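Each chain is listed here by its residues.
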Amino acid sequence: PMAESIQHCQLAVDSGYWPLFRYNPELASAGNNPFQLDSKKVKGDLYKLLSQENRFAAVMRRDPKHAEELDAKLKQAVMEKNKLLQVLGKEDLEGQFHKLVEGLSGDSASAGESITILYGSETGNAEEQAKNLLQDVRARGMKATVSALDDFDVEELPSQKTIVLVISTCGLGEFPQNSKRTWMALQSQDMPMTYLSDVKFAVFGLGDSTYAQFCYAAAAFDVRFGELGATRLLPRGVGDDRDADRYFTGWEAWLPELWTVLGAPLMPEVRTIPEPCYKIDVSPGDASKPPVADEEIVPPGAAKLTLLTNKLLTPESADYDRDIRHYEFKIKGTNVSYKTGDSLAVWPRNPVDKVQEVCKLLGFDAGQQLRVIPLEGARNWCPEELSVQQLFTHVLDVFGKPNKKFFETLSLFASDEKEKATLESIVANSEDGKQLYKELSNDFVHHADVFKRFPSARPPLEQLINMIPVLKPRSYSIASSPLMHPDMIQLCVVQVDWNVPSTKEFRLGEATGYLKKQASGAQIMCAVRQSAIVLPKDTLNPVIMAGMGTGLAPWRAVTQDRIAQKRAGQAVGPCMLFFGARYAKYEYLYREEFEKYVAEGVLTMHTAFSRDQARKIYVQHKIVEAGPSVSDMMLKQNGHFYVCGSARQVPEDIFAAMKQVIMTSQNCSELDAEAILSNLKMEGRYTVEAWS
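Residues numbered from 1 in each chain as written. Predicted model: local features only at pLDDT ≥ 70, side-chain atom pairs only at ≥ 80, totals over all residues. Heavy atoms only, no water.

What the protein contains, in helices and strands, is 26 helices and 24 strands. Expected size for 692 residues packed as a compact globule is a radius of gyration near 26 Å; at 28 Å, the protein falls within 12% of this value. In terms of principal-axis extent, the alpha carbons of the protein reach across some 95 × 75 × 50 Å. For the protein, restricting intrachain contacts to residue pairs at least 6 apart in sequence, the fraction spanning at least 24 positions comes to 77%. (Helix = DSSP H or I, 4+ residues; strand = E, 2+ residues; numbered from the N terminus. Rg over C-alpha atoms; globule rule 2.2 N^0.38 Å. Contact = heavy atoms within 4.5 Å.)

To continue, consider the packing of aromatic side chains. Applying the stated criterion to the full structure yields 24 aromatic pairs. For the ring pair Phe 579 and Phe 609, a centre distance of 6.1 Å and an interplane angle of 80° mean the geometry is edge-to-face. Highlighted residues: Phe 579 in strand E21 (residues 575-581) and Phe 609 in strand E22 (residues 603-609), separated in sequence by 30 residues. The buried category is assigned to Phe 579, whose relative accessible area is 0%. Aromatic side chains Tyr 583 and Tyr 586 sit 5.9 Å apart centroid to centroid with 75° between the ring planes, which places their arrangement in the edge-to-face category. Using a relative accessible area of 24% as the deciding quantity, one classes Tyr 583 as partly exposed. (Phe/Tyr/Trp six-rings, centres within 6.5 Å; stacked < 30°, edge-to-face > 60°. Buried < 20%, exposed > 50% of the residue type's maximum accessible area, 1.4 Å probe, protein only.)

Before going further, it helps to examine the sheet that holds strand E14 (residues 385-387). Taken in spatial order, the three strands of this open sheet run E9-E13-E14, and their pairing is antiparallel. Both outer strands of the open sheet, strand E9 (278-283) and E14, are each paired with one neighbouring strand and no more. Going across the sheet, the axis of each strand differs from the next one's by a mean of 30°, ignoring polarity. Relative to strand E13 (residues 369-374), E9 runs antiparallel, the two sharing six bridges. Looking at E13, one finds that Asp 281 is bridged to Arg 371. (Pairing = 2+ DSSP bridges. Axes fitted to C-alpha atoms, helices over the stretch in contact; angles between N-to-C directions.)

Summarising the element assignment, Lys 659 is placed in helix H25 (residues 650-666). With residues up to four places along the chain from it excluded, the contact list for Lys 659 reads Glu 670, Ala 673, Glu 674 and Leu 677.

Before going further, it helps to spend a moment on unusual backbone geometry. For Cys 215, which is not glycine, the phi dihedral falls at a positive 55°. Tracing the backbone shows Cys 215 in the loop between strand E6 (200-207) and helix H10 (216-227). Take Cys 215: its relative accessible area is 3%, and that puts it in the buried class. Backbone geometry at Phe 444 places phi at a positive 55°, although glycine is not the residue there.

For the pair helix H24 (residues 627-635) and H25, the least separation of the axes is 9 Å and the interaxial angle reads 85°. Of the possible angle classes, the one that applies to H24 and H25 is roughly perpendicular. Residue-level contacts link Gly 627, Val 630, Ser 631, Met 634 and Leu 635 of H24 to Met 658, Val 661, Ile 662, Ser 665 and Gln 666 of H25. Class assignment for the residues of the contact of H24 with H25 results in six nonpolar, four polar and no charged. (Parallel < 35°, antiparallel > 145°, perpendicular 65-115°, else oblique. Nonpolar A, V, L, I, M, F, W, Y, C, P; charged D, E, K, R; others polar.)

Applying the stated criterion across every chain, the model contains zero disulfides. No disulfide involves Cys 277; its nearest neighbouring cysteine sulfur is the one of Cys 382, lying 13 Å away. We classify Cys 277 as buried; its relative accessible area is 13%. (Disulfide = S-S within 2.5 Å.)

Quick look at the environment of Met 545 now. In this structure, Met 545 sits in strand E20 (residues 543-548). Separated by 34 residues in sequence, Met 545 and Phe 579 have C-alpha atoms that sit 8.3 Å apart. Apart from residues no more than four positions distant in its own chain, Met 545 is found in contact with Trp 555, Val 558, Thr 559, Cys 575, Met 576, Leu 577, Phe 578, Leu 603 and Tyr 642.

Let us look at the layout of surface pockets. Roughly 750 Å³ of volume is contained in the second largest pocket. Around the second largest pocket sit 29 residues that line it, and Asp 136, Met 267, Glu 408, Val 427 and Ala 428 are the ones nearest its centre. Of all the secondary-structure elements, those providing two or more residues to the lining of the second largest pocket are helix H8 (125-139), helix H11 (247-262), helix H14 (404-411) and helix H15 (417-428). Among the elements that line the lining of the second largest pocket, the one with the most residues is H11, at six residues. The residue makeup of the lining of the second largest pocket, split by class, is 13 nonpolar, five polar and eleven charged. (1 Å grid on protein atoms, 1.4 Å probe; cavity = no way out; pocket = protein on both sides within 12 Å on 5 of 7 lines; lining within 4 Å. Points joined across faces, edges and corners; volume = space filled by probe spheres on them.)

The grouping of Phe 21, Tyr 23 and Phe 35 at the surface amounts to a nonpolar patch, some 340 Å² of accessible area in total. Tracing the sequence through the fold places Phe 21 in strand E1 (residues 21-23). (Patch = residues over 30% accessible without salt bridge, like charges linked within 9 Å, V, L, I, M, F, W, Y side chains within 5 Å. Areas by Shrake-Rupley, 256 points an atom, 1.4 Å probe, with all protein chains shown as cover. Salt bridge = Lys/Arg side-chain N within 4 Å of Asp/Glu carboxyl O.)

What follows is the structure in structure tokens.
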């Protein structure tokens, strides 16, 4: 009978005999592994399952004692297999490896006494901080484990003595992808209010105060843990990407309080070089003949997309200083799809010529072939086989900004006492160290710069893989609508560049510099990410958009969406676009296209080109000029207002303009206008998408 068959299958899964996987097509469309282990905990009776299988039942009848021995061996094998399956495919190598070793050794009691560090991370920043914290905890002689929230069994939370959670917030209060399942599980109505009564906890959130739901995920977990009876060790900490040293500013202020409430011992006065977290076998090789093709090195969560177009939109001349490009990526025939308002994350790769310089600087042979095996404490993903050149080109962010943990670890390898003392001063926060760290930060130094400055500090590859973070993706607002361009994703990207203050050396941003050099046909590692932009469900609701420079990108997508809907015979509401740039001649991006949309009766354009006249005119001035229409659309027609541009000053200037519009139209005070705009933000009708 079908019912008995279903029950038998359930027993096979619960007992661990059958692993059960869940297939999530949404993960596949984003370029991630769609298969997720669903049967995470062995909780059924294996002996009961075996007794219902004829082949095992026969052994039980003929030789019960031998059957019991075989059952015990099988049960042990099932438990080990289950733990191995939980490790395979996880991004969290360190936490899963530690849990695996702990579980196989039977050391579960010590696990309950250790500090459990959990993280929810979308771009890798929260994960990096959590793993830095793990190193610090262990350096102080305390036990700790680290894991992504969704890689940790919710049923194990009550048995943890102390939990420290580090979690970021995405866009408009979105939870990181690797924390959503845990959050939903904690919302269960069946969960008693004493569920976490034996747990002490602390929460640190990473976010961007430009957004209305600043550090919302951290606040939500903080409140929910408290509701479930857990004891809060200290007030929630927050790291703001807008601060001078980004989220490190808040982290450095919060961390000493954490050590105090944890009763953590002081750091040992004499630090020793840690055991390597990777085993590397090295063999001779040629950089031009690596053990694996470049395009086969795919970061976790990424998908290979073919670049179709790389087109310069701005003049290529000596008297013009910006490089703005239009990119098109082929998604036809892939599992990748997107929605209007999404962003595309792009993994950069380091320039080969620069990497070869770094290899020479550090004394490495770029052509040597490596076989990399992660050990306990391994924090970065790395292909099992690759060349030294590929390690620094495809994996390690050697041209990224170093954090203080890097300086601390590097000091252990400095053979020159003066260099060692200088590196230690940065970590110790002495006055000289603070000044040096400030100078280095203002100079935008990267890891390679630090190696040049401290030539006696030369860690081996086994250590460098753990010291330098992996290359992180950069996200760009998608500039196309799937209704108009279902087979491709389009981007509009401005090149990031600067001159190093101390040397005047010209440098390019990692991702924009990488994209600029790619030709049609190149394989680019990408992933579609949800952004803060959520369109109104009712297509008749007005949409008001403000974009500066390449902040025009998402509004091109939104406008295309409405144009496609209208062309298909669907009724759509009005679109109003405020676009600002410096020069109409050079920077009126997609001008002919937008003029066609205006002619079709869907779009109204308001442009502000600040340097085309003596008096500088900005988008905020145009918003105030169109105040009556803006106010009517927002307050009487249930409109949605969106802003996209640099986070430096744009959000504040636009908010001030909108406040003036509300004060004038409603004849109200500044305080009342701010309250109206705050309500619009909470309703999701005032959205800011800003970048650093």
